[in-house]
Amino acid sequence: EAGVAQSPRYKIIEKRQSVAFWCNPISGHATLYWYQQILGQGPKLLIQFQNNGVVDDSQLPKDRFSAERLKGVDSTLKIQPAKLEDSAVYLCASSLGLGPNEQFFGPGTRLTVL
Amino acid sequence: KQEVTQIPAALSVPEGENLVLNCSFTDSAIYNLQWFRQDPGKGLTSLLLIQSSQREQTSGRLNASLDKSSGRSTLYIAASQPGDSATYLCAVYSGTYKYIFGTGTRLKVLA
């Protein structure tokens, strides 16, 4: 079974530039999560999708971050414009469905904002 | 509001030692607790998931216990090896359909 795929693995941008990350969850997983992990901290949930609908985006900085999962499979997370404090690893995870199901994580995208 | 704490933040042990990692949470009304391993520059690998009705789960040299009433979980690693060196994270699922993560314990096993 293929795992969660993410790209790119690394990205370096200047502040105020835009960046987009892509995630392909495990086949058949209805729930998809985007997390932000700042160095030395645990992952923080940014947004959670159930199929193509948003379940929770309470911690997403909506003035600069956006995410979509148009067909209920792949998802993209965008930052525009980026700030220095956005430097972090962005992790995508998926699970079978809503609720306390086991989560499976992708390798992450390490973003450096200069 | 659920808060998850992991102590110690970092730990170094000689190879072969048995060790215990701790995870504490403030709200005991959890559905489950998951332990993860994270290697440098990598994503999270699920190690063990304990349902709220369970007391412990085992996988190979790993044993995780859960005491909901006291808000604690421990991850026991037997006969540690250099390959066990990584950051170990716990996450609890409670309330509002999401996992809350601790800050992790960075483990180094010395050969």
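Look up: the structure comes first, before these words.
To start, this report covers the structure provided alongside it.

Criteria and thresholds
- Here, residues in each chain are numbered from 1, in the same order as that chain's written sequence.
- Following the order in which they are written, the chains are lettered starting with A and the ligands numbered starting with 1.
- It should be noted that, the model being predicted, local features are given only for residues of pLDDT at least 70 and side-chain atom pairs only at 80 or more, the latter also being counted only at that level, while totals for whole chains, interfaces and linings use all residues.
- With hydrogens and water stripped out, all remaining heavy atoms of the structure feed into the side-chain values.
- Should any heavy atoms of two residues lie within 4.5 Å, those residues are counted as being in contact.
- Buried area, as used here, totals the accessible surface that two parts lose on assembly, with accessibility defined by a 1.4 Å probe and the loss added over both.
- Note on definitions: salt bridges are taken to be side-chain nitrogens of Lys or Arg within 4 Å of carboxyl oxygens of Asp or Glu.
- Counted as a polar contact is a pair of N or O atoms within 3.5 Å, where, for protein atoms, one must be capable of donating a hydrogen and the other of accepting one, and residues adjacent in sequence contribute only when both atoms are in side chains.
- Numbered from the N terminus, helices here are DSSP runs of H or I no shorter than four residues, and strands are runs of E no shorter than two.
- By the convention adopted, Pro, Cys, Tyr, Trp, Phe, Met, Ile, Leu, Val and Ala count as nonpolar, Lys, Arg, Asp and Glu as charged, and the other residues, Gly among them, as polar.
- Two strands make a pair as long as DSSP finds a minimum of two bridges between them.
- A fitted line through C-alpha atoms serves as each axis, taken over the contacting stretch for helices, and the angle formed by two N-to-C directions is quoted from 0 to 180°.
- Ring pairs shown here join Phe, Tyr and Trp side chains whose ring centres sit within 6.5 Å, with only the six-membered ring taken for Trp; geometry is labelled stacked below 30 degrees between planes, edge-to-face above 60, and tilted in between.
- Throughout this description, buried means an accessible area under 20% of the type-specific maximum (1.4 Å probe, protein chains only), exposed means over 50%, and partly exposed covers the range between.
- Any two cysteine sulfur atoms within 2.5 Å of one another count as a disulfide.

Size of an interface: often given as the accessible area lost when the parts come together. Each side of the interface is counted separately: chain A has 22 residues, and chain B has 20 residues. Between chain A and chain B, roughly 1,600 Å² of surface is buried when both sides are summed, and carbon and sulfur atoms account for 53% of that area. The three residues of chain A that bury the most area against chain B are Pro100(A), Gln103(A) and Phe105(A), which together make up 29% of that side's buried surface. Linking chain A with chain B are 1 salt bridge, by the criterion used here. Its salt-bridge partner being Asp56(A), residue Lys98(B) comes within 3.2 Å of it at the nearest N-O pair. Connecting chain A to chain B are 8 residue pairs in polar contact (both at pLDDT 80 or more). Mapped onto the side of chain A that touches chain B, the elements with two or more residues apiece are strand S4 (31-37) and strand S5 (44-50) of chain A. For the side of chain A that touches chain B, the class distribution of residues is 7 nonpolar, 11 polar and 4 charged.

Residue and element names in this part refer to chain B. The 5 strands lie next to each other as S1-S3-S8-S7-S6, forming an open sheet whose pairing is antiparallel. Bordering the open sheet on either side are strand S1 (4-7) and strand S6 (56-59), each of which pairs with just one other strand. Direction aside, the axes of adjacent strands within the sheet are offset by 15° on average. Judged from the 4 bridges that link them, S1 and strand S3 (residues 19-25) form a sheet pairing that is antiparallel. Paired with Thr5 across the two strands is Ser24, which belongs to S3.

Going through the model one piece at a time under the given rule, you end up with 10 aromatic pairs over all chains. Taken together, a centroid distance of 6.1 Å and an interplanar angle of 85° make the contact between Phe105(A) and Phe101(B) edge-to-face. Of this pair, Phe105(A) sits in strand S10 (residues 104-105) while Phe101(B) sits in strand S10 (residues 98-101), which puts the two residues in different chains. Judged by relative accessible area, Phe105(A) falls into the buried class, the value being 11%. Among the aromatic side chains, those forming a connected cluster through ring pairs are Tyr33(A), Tyr35(A), Phe105(A), Phe36(B) and Phe101(B).

For the rest of this paragraph, the subject is the state of the cysteines. Residues and elements named next belong to chain B. As enumerated under the stated definition, the model contains 2 disulfides over all chains in all. Between Cys23 and Cys90 runs a disulfide, and the two sulfur atoms are separated by 2.0 Å. Here the disulfide of Cys23 and Cys90 is right-handed, its torsion about the S-S bond being about 80°. Highlighted residues: Cys23 in strand S3 and Cys90 in strand S9 (residues 86-94), separated in sequence by 67 residues. What makes Cys23 buried here is its relative accessible area of 0%.

This part covers the environment of Leu107(B). All names here are of chain B. Examined against the element boundaries, Leu107 turns out to sit in strand S11 (residues 105-110). In sequence terms Leu107 and Leu19 are 88 residues apart; their C-alpha atoms lie 10.0 Å from each other. Apart from the residues lying within four places of it in its own chain, the contact partners of Leu107 are Leu11, Val13, Leu19, Ile77, Asp84, Ser85, Ala86 and Tyr88.

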